[in-house]
Amino acid sequence: MKKLFIHLIIALIIGSGFLQAQEYTAPSIYSVKITVPGTVYGLPVMNLGDPRGLLLSFDELAEDARYYRFRLQHCDRNWELSDLVEMEYLDGINDQLINNYAFSNQTHVDYVHYQVRFPGDGLTPKISGNYLITIYDENTDEVVLVRKFMVVDKNVFASAKLHRASRVAHLRTHQELELSVNFKDFPISNPLQDVTVTVLQNGHWQRAITNIPPRNVFGDMIEFDWRGKIVFPGGMDFRPLDIRNLGYRSYGIDEITEYKDGYVVVKEVEESRAGRSYFLEQDQNGNFVIDNARNFSGDVSTTSEYAEVDFRLDITERTGDDRVFVTGGFSNFTADPRFELLYNPAEGIYEGTVMMKQGRYDYLYVVGNGDDPQLDFDALEGNSNETENFYLILTYYRPFGSRYDQLISADIVNLGG
C-alpha cells in the first residue's frame, strides 16, 4: 500500500506542474549531483550493464539523519511515466533504504551527506531509456528530491556540426546545428518513423530541443538537417566563483568574514552582459565541483563548509515584475526561491544571500516571470555565436509494436569557441 501511495504522490507532483521538467528539490536539500562515479564533470547518463552505474549525492542542512528511501521509475522520451511494470525494467527490489550517509565534520553549519549508488544492492536497470530517481522520507512520505537520469544501450553514433544561421538576426547570437546518426551496425527498418533525437545544450533540460524527426536517410546515415529549426541561443561563458579556500579572496570576491556561526562571502557588484561583445573565459559549462583547499584529512564531502554568499547585480533598469535569480548546476538551472535576488531601492541593485558549499562554481544571472518555471537566460547575460558549448545528443528508438522508447546513443560534441 505504501508503494502505491508514493506512486500517487509522485504522479500528483509531476501532473500539477509543480516540478520543472519533473525534477524537484526540497528547501533543505543542497549540492545535488548525479554522475558516473569518479568523473568530475559527468552527466546523469550510464551505459546499460556498466557496473559503475551512477552516484547520486546530496546534503541536507540538518543535525540529524532521516530515514530516506529511493525508488526508480522508467519514463518515455517525453518524461511521462511508462506503462511498463517494475519487473520489466528493473532487476532486484525497488524502493530501498539509503544506508550510506555521514555527518559534517567540524563545520560551522551542520549537515548530513547522503549517497545513493545504483546499480547496487541487487537493483539494476534492465532496459535503456529515461528514468526518474525519487528520494522520500520513510516516516512521513515527504518527497525531498526527484532527478532525471538516463540509461543508454549504445548501438548508433550521433554527431553534430555548426551550420551558418538561417536567419540574419541569428548570425552573431545563435548556434544552428546539423545532426546525423550512423546506424551501420544496428539495422533499423524504418528510421524515418522509429527514430527521434533530443539535443541538450550544456546538459540541462530547459535548453533542450526534443522529438526532432529525421529529414532524410542516405544509406546508413540518418540526417536531421532542418534549416532554422535546431537553433540554440549561444549564451555567454559562465561566470566563475571559487570558494575552495575561505581564507583567500579569489577573483570577483570583495570580502570573506568568519563569524561564530559561519562564513560570509561578499561578491563584487556585477553588471549585465547583455549587448556586450564576446570575451572568452574558461568555464565548466555550468557545472560545479565540491572541493576544500584546506582539507588535510577526511572527505571533502563532509569537511567542506557551507558559506553565505552575497550576490550583487547592478542593472540599468529594474526588471519590472520579473524576478532575478542566480543559477547554474548547483540550483539545477531552476527558478529556486533560495537563489533569488531582490531589488534594493536604496542601493539600486539586486542582491541576495545564497548558501553554497566550498568548491568551484559556474553561474549566470537569469530572469523569471512569476511562477513560470521557464527562465530567460538572455536578458542579463546576452548571446554570442562564438561561445563554447557542449551538446548532448540523445537518440531514441521505438520500433512498431514496442512499448517503450529505447535510448540507443548519448553522444557529446563541443561546438563554438
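None of these values were measured; they are calculated from a predicted model.

**Focus: the overall build of the chain**
Then comes step 1: A tally of helices and strands in the chain yields 4 helices and 31 strands.
Then comes step 2: Taking 22 Å as the expected radius of gyration for a compact globule of 417 residues, we find that the chain reaches 22 Å, a close match to that expectation.
Then comes step 3: A buried classification covers 55% of the 417 residues belonging to the chain.
Then comes step 4: The contacts in the chain between residues at least 6 apart in sequence include a share of 72% that link residues at least 24 apart.
Then comes step 5: A total accessible area of about 19,200 Å² is found for the chain, and carbon and sulfur atoms account for 48% of it.
Then comes step 6: Charge centroids of the chain, computed over 38 positive and 61 negative side chains, lie 4 Å from each other.

**Observations concerning unusual backbone geometry**
Then comes step 1: Residue P119 follows F118 across a cis peptide bond; omega there is 0 degrees.
Then comes step 2: Looking at the secondary structure, you find P119 in the loop between β9 (112–118) and β10 (124–125).
Then comes step 3: The phi angle at S31 is positive, at roughly 55 degrees, despite the residue not being glycine.
Then comes step 4: Secondary-structure assignment places S31 in strand β2 (residues 29–35).
Then comes step 5: Among the residues examined, S31 registers a relative accessible area of 11% and is labelled buried.

**Considering the pattern of salt bridges**
Then comes step 1: All chains considered together, the criterion is met by 24 salt bridges.
Then comes step 2: The closest approach of N and O atoms between D95 and R71, which form a salt bridge, is 3.3 Å. Here R71 lies in strand β5 (residues 68–75) and D95 lies in the loop between β6 (90–91) and β7 (96–97), a separation of 24 residues in the sequence. For the pair shown, D95 and R71 are each scored as buried.

**Looking at the nonpolar core**
Then comes step 1: Grouped together as the largest cluster of nonpolar side chains are 48 residues, with contacts concentrated most on L56, F58, F118, I133, I135 and F149.
Then comes step 2: For this core, the secondary-structure elements that each account for two or more residues are β2, β3 (45–47), β4 (54–60), β5, β9, β11 (129–137), β12 (143–152) and β30 (389–397).
Then comes step 3: Here this core gets 8 residues from one element, more than from any other, and that element is β12.
Then comes step 4: Counting residues in each nonpolar core, the second largest holds 32 residues, with L341, Y350, V354 and M355 among its members.

**A word on the sheet that holds β30**
Then comes step 1: Read across the sheet, 4 strands follow the order β16-β15-β30-β31 without closing on themselves; strand pairing throughout is antiparallel. Strand pairing shows two members of the sheet lacking a second neighbour, β16 (208–212) and β31 (406–415), which therefore form its edges. With strand direction ignored, the average angle separating the axes of adjacent strands in the sheet is 15 degrees.
Then comes step 2: Judged from the 9 bridges that link them, β30 and β31 form a sheet pairing that is antiparallel. Directly across from Y391, in β31, lies its bridge partner V413.

**Some words on the confidence of the model for the chain**
Then comes step 1: Chain-level statistics for the chain give a pLDDT mean of 91 and a share of 94% at 70 or above.
Then comes step 2: Contacts for the low-pLDDT stretch residues 11–21, under 50 throughout, to residues beyond four places or in other chains number 15 contacts.

**Overview of the pairing of β9**
Then comes step 1: Here β9 lies mainly inside the structure; 5 of its 7 residues are buried.
Then comes step 2: Looking at chain direction, β4 and β9 are connected through 7 bridges and run antiparallel. For L56, the partnering residue across the bridge sits in β9 and is V116.
Then comes step 3: In this structure, strand β8 (residues 101–103) lies alongside β9, joined through 3 bridges in antiparallel fashion.

**Some points on the environment of N389**
Then comes step 1: Following the sequence through the fold, N389 ends up in strand β30.
Then comes step 2: N389 sits in the buried class, given a relative accessible area of 3%.
Then comes step 3: Spatially, the C-alpha atoms of N389 and P213 are 23 Å apart, while their sequence positions differ by 176 residues.
Then comes step 4: Apart from the residues within four sequence positions on either side, N389 is in contact with Q175, Q201, N202, G234, N285, V413, N414 and L415.
Then comes step 5: A polar atom in the side chain of N389 sits 3.2 Å from the side chain of Q175.

Cut-offs and rules
- Residues numbered from 1 in each chain as written.
- Predicted model: local features only at pLDDT ≥ 70, side-chain atom pairs only at ≥ 80, totals over all residues.
- Heavy atoms only, no water.
- Helix = DSSP H or I, 4+ residues; strand = E, 2+ residues; numbered from the N terminus.
- Rg over C-alpha atoms; globule rule 2.2 N^0.38 Å.
- Buried < 20%, exposed > 50% of the residue type's maximum accessible area, 1.4 Å probe, protein only.
- Contact = heavy atoms within 4.5 Å.
- Areas by Shrake-Rupley, 256 points an atom, 1.4 Å probe, with all protein chains shown as cover.
- Lys, Arg positive; Asp, Glu negative; His and termini not counted.
- Charge placed at Lys NZ, Arg CZ, Asp CG, Glu CD.
- Salt bridge = Lys/Arg side-chain N within 4 Å of Asp/Glu carboxyl O.
- Core = buried A, V, L, I, M, F, W, Y, C linked by side-chain atoms within 4.5 Å.
- Pairing = 2+ DSSP bridges.
- Axes fitted to C-alpha atoms, helices over the stretch in contact; angles between N-to-C directions.
- pLDDT = per-residue confidence, 0-100.
- Polar contact = N/O pair within 3.5 Å; in protein donor to acceptor, adjacent residues only side chain to side chain.

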